[in-house]
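# Structural characterization, general
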Amino acid sequence: MPTDVVMPQMGESIFEGTITKWLKKPGDKVQRDEPLFEISTDKVDAEIPAPATGVLKEIKVSEGNTVQVNTVVGVIGEGSGASASSPAPAQTVPPPAPVPPPSAGKEEPAPDRALAARTPEDEEESDVRSSPLVRKLAREHSVDIAKINGTGSGGRVTKQDVLDFVEQRAVAPVAVPASSQVAATASAGDTGDLVPMSKMRKIIAQRMIESRRTSAHVHCMFEVDMTRIVSLRNKFKNGFEQRHGVRLTFMPFFVRAAIIALQQYPIVNSSVEGESIRYHKRVNVGIAVALDWGLIVPVLKGADELNFLGLQRGITDLGERARSKKLLPADVEGATFTITNPGQFGAVFGLPIINQPNVAILGVGGITKQPMVITDKDGADSIAIRSVVHLTLGYDHRIIDGALADQFMVAVKKALEHWSEEVG
């Protein structure tokens, strides 16, 4: 019997997904649990495994289309697949027949709310293909959903379509003189290629703008002597990998130092809820991972309860699953504090944007050798070559004052420069 391939439910709050890439074509043989296609949602990009072994007989939803969860996107059937000479072209799910408007004096049920009472808003939107969640979002932003051009399958209006519409509406149009319009038209062919943003890039853009509008961003930077830690890592890294099966990196040192400081200054591990402050009991550290196709922040849950080896294993696991598109929505939720590492690409320091709903983010610059003035126990000064890193704290000035941010960073600096925890 054929097996339907469906758009999976990737989390309770996720109602739709975009197929970004089919890893097999019609006629190809597939094994159960083998990656079959890639999707992008509001939370993560992920590879979706095949639900059965057989031959991919049909692709019902082509790349680039967005559909609701549980929609059939393909079919796997029996056969060897070797005789498939001309696989069927990818197809898009045809839109369902339009719902006729209610006749006079007779009320028709909404197609996706058959058991629920219709509201006036539903009546106005009955001819627009969208989910109840999308219509609710449109009403919250006072948007007439009928004015939005849907980019989903069959012209369906998606959540991202509504958010894009709201964002564009916030930017007031600028009048351009007729002469300028003529000049722009004449040079249009020299402006380069216009490439649509990927779904992930649009989500990143939206969240960065929202964070800037939400938090009062301020940054402070501290110089930290990492010579002791560099020496420890060089000493233990080979044996560490042999014993534990994971490579020893610098990130667990920064995570542990941040945890120590967060426990001393718990407001940095908080979030703003209306006019109240939520102090989080656990430290869930979001660790930004740069991908070839964007940026994602998987979360190391309960980091304050892990030993050094547990931190390294957790960091390595999240990074590997992020790069191989194996993260689940739960893996990118619940961060209480975030660390980003622009230094891995050579940056001396950065001014990172806060990862909402956190109130602070720690940016780690590159570790470089620099001359420093060293004062010995007798007060004598000398110049030495030291391994130095510049750490930047981006914080929300609505609830974190500059003095407290500096005190937090002093605690981070102290933990790193006077490292005492067992590493090997």
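About the thresholds
Residues numbered from 1 in each chain as written. Predicted model: local features only at pLDDT ≥ 70, side-chain atom pairs only at ≥ 80, totals over all residues. Heavy atoms only, no water. Pairing = 2+ DSSP bridges. Helix = DSSP H or I, 4+ residues; strand = E, 2+ residues; numbered from the N terminus. Axes fitted to C-alpha atoms, helices over the stretch in contact; angles between N-to-C directions. 1 Å grid on protein atoms, 1.4 Å probe; cavity = no way out; pocket = protein on both sides within 12 Å on 5 of 7 lines; lining within 4 Å. Points joined across faces, edges and corners; volume = space filled by probe spheres on them. Nonpolar A, V, L, I, M, F, W, Y, C, P; charged D, E, K, R; others polar. Salt bridge = Lys/Arg side-chain N within 4 Å of Asp/Glu carboxyl O. Buried < 20%, exposed > 50% of the residue type's maximum accessible area, 1.4 Å probe, protein only. Expected span 1.5 Å × (residues − 1). Core = buried A, V, L, I, M, F, W, Y, C linked by side-chain atoms within 4.5 Å. Contact = heavy atoms within 4.5 Å. Patch = residues over 30% accessible without salt bridge, like charges linked within 9 Å, V, L, I, M, F, W, Y side chains within 5 Å. Areas by Shrake-Rupley, 256 points an atom, 1.4 Å probe, with all protein chains shown as cover. Phe/Tyr/Trp six-rings, centres within 6.5 Å; stacked < 30°, edge-to-face > 60°. Lys NZ or Arg CZ within 6 Å of the ring centre and 35° of its normal. Parallel < 35°, antiparallel > 145°, perpendicular 65-115°, else oblique. Left-handed = near helix turned anticlockwise from the far one by under 90°.

### Looking at the sheet that holds strand β4 (residues 35-40)
Within a sheet, neighbouring strands are paired by backbone hydrogen bonds and run either parallel or antiparallel to one another. Spatially, β5-β4-β2-β7 is the arrangement adopted by the 4 strands of the open sheet, whose pairing is antiparallel. Two strands in the sheet have a free side with no partner beyond their single neighbour: β5 (45-49) and β7 (66-68). The average undirected angle you get between the axes of adjacent strands in this sheet is 40 degrees. Inspection of the sheet shows strand β2 (residues 16-22) paired to β7 by 3 bridges, in the antiparallel sense. Considered in β7, the bridge of Thr18 is made with Thr66.

### Some remarks on the layout of surface pockets
There is about 1,000 Å³ of room inside the largest pocket. Taken together, 38 residues form the lining of the largest pocket, with Ile203, Arg207, Val332, Asn355 and Gln356 sitting closest to its centre. Breaking the lining of the largest pocket down by element, the ones donating at least two residues are α3 (159-170), α5 (199-214) and β14 (294-296). For the lining of the largest pocket, the leading source of residues is α5, giving 9 residues. For the lining of the largest pocket, the residue count by class is 19 nonpolar, 12 polar and 7 charged.

### Focus: the pattern of salt bridges
Scanning the entire structure with this criterion turns up 15 salt bridges. A salt bridge links Lys326 to Glu47; the nearest nitrogen and oxygen atoms lie 3.1 Å apart. Highlighted residues: Lys326 in the loop between α8 (308-323) and β16 (337-340) and Glu47 in strand β5, separated in sequence by 279 residues. Given the relative accessible area of 23%, Glu47 is considered partly exposed. A network of salt bridges, in which partner residues are shared, links Arg282, Asp304 and Glu305.

### Describing helix α7 (residues 251-264)
Between its terminal C-alpha atoms α7 stretches 20 Å, which fits the 20 Å expected from 14 residues at 1.5 Å a residue. Burial runs high along α7: 11 of the 14 residues are buried. Among all positions of α7, only Met251, Pro252, Phe253, Phe254, Val255, Arg256, Ala257, Ala258, Ile259, Ala261 and Leu262 are buried.

### Topic: the nonpolar core
Core analysis: the biggest nonpolar cluster contains 80 residues, and Phe337, Leu391 and Leu416 have the highest contact counts within it. For this core, the element with the highest residue contribution is α7, accounting for 9 residues. Beyond its immediate sequence surroundings of up to four residues, Leu391 is in contact with Cys220, Met221, Phe222, Val224, Phe254, Leu362, Gly363, Val364, Met409, Val412 and Leu416. One finds Ile145, Val157, Leu163 and Val166 within the second-largest nonpolar core, a separate group that totals 10 residues.

### Considering the sheet that holds strand β3 (residues 29-30)
Spatial strand order, β1-β8-β6-β3: 4 strands in an open sheet with antiparallel pairing. Each of the sheet's edge strands pairs with one partner strand only, and the pair in question is β1 (3-6) and β3. Bridge count between β1 and strand β8 (residues 72-77): 4 bridges; the pairing is antiparallel. When the sheet's bridge partners are listed, Thr3 is paired in β8 with Ile76.

### Here we look at the pairing of β2
Looking down a regular strand, the side chains alternate between one sheet face and the other. Of all 7 residues in β2, 5 are buried, a share of seventy percent or more. The pairing of β2 with β4 spans 4 bridges and is antiparallel. When the sheet's bridge partners are listed, Lys21 is paired in β4 with Glu38.

### Let's talk about a nonpolar patch on the surface
Nonpolar side chains collect at one region of the surface, where Met221, Val348, Phe349 and Leu351 lie side by side and expose about 380 Å² of accessible area between them. Inspection of the secondary structure assignment puts Met221 in strand β9 (residues 217-225). Judged by its relative accessible area of 40%, Met221 is partly exposed.

### Description of the packing of aromatic side chains
All chains considered together, the criterion is met by 6 aromatic pairs. Ring geometry for Trp22 against Phe37: centres 4.9 Å apart, planes inclined by 40 degrees, an arrangement best described as tilted. Highlighted residues: Trp22 in strand β2 and Phe37 in strand β4, separated in sequence by 15 residues. As far as the burial class goes, Trp22 and Phe37 line up, both buried. Aromatic ring contacts, followed pair by pair, group Phe240, Phe253, Phe308 and Trp419 into a single cluster. Between Arg233 and the ring centre of Phe250, over which it is positioned, the NZ or CZ distance is 4.7 Å.

### Section: the pairing of β5
Bridging between β4 and β5 involves 5 bridges; their strand directions are antiparallel. Within the sheet, the bridge partner assigned to Glu38 lies in β5 and is Glu47. A loop of 4 residues connects β4 with β5, the two strands running antiparallel in sequence.

### Examining the packing of α7 against helix α9 (residues 402-417)
When two helices pack together, you describe them by how their axes are tilted relative to each other and by the distance separating the axes. Where α7 contacts α9, the axes come no closer than 8 Å and their chain directions differ by 135 degrees. It follows that α7 is oblique to α9 by the angle criterion. In the packing of α7 onto α9, the handedness of the crossing is right-handed. Facing α7, whose interface residues are Phe253, Phe254, Ala257, Ala258, Ile260, Ala261, Leu262 and Gln264, α9 presents Phe408, Ala411, Val412, Ala415 and Leu416. Taken together, the residues that form the contact of α7 with α9 break down as 12 nonpolar, 1 polar and no charged.

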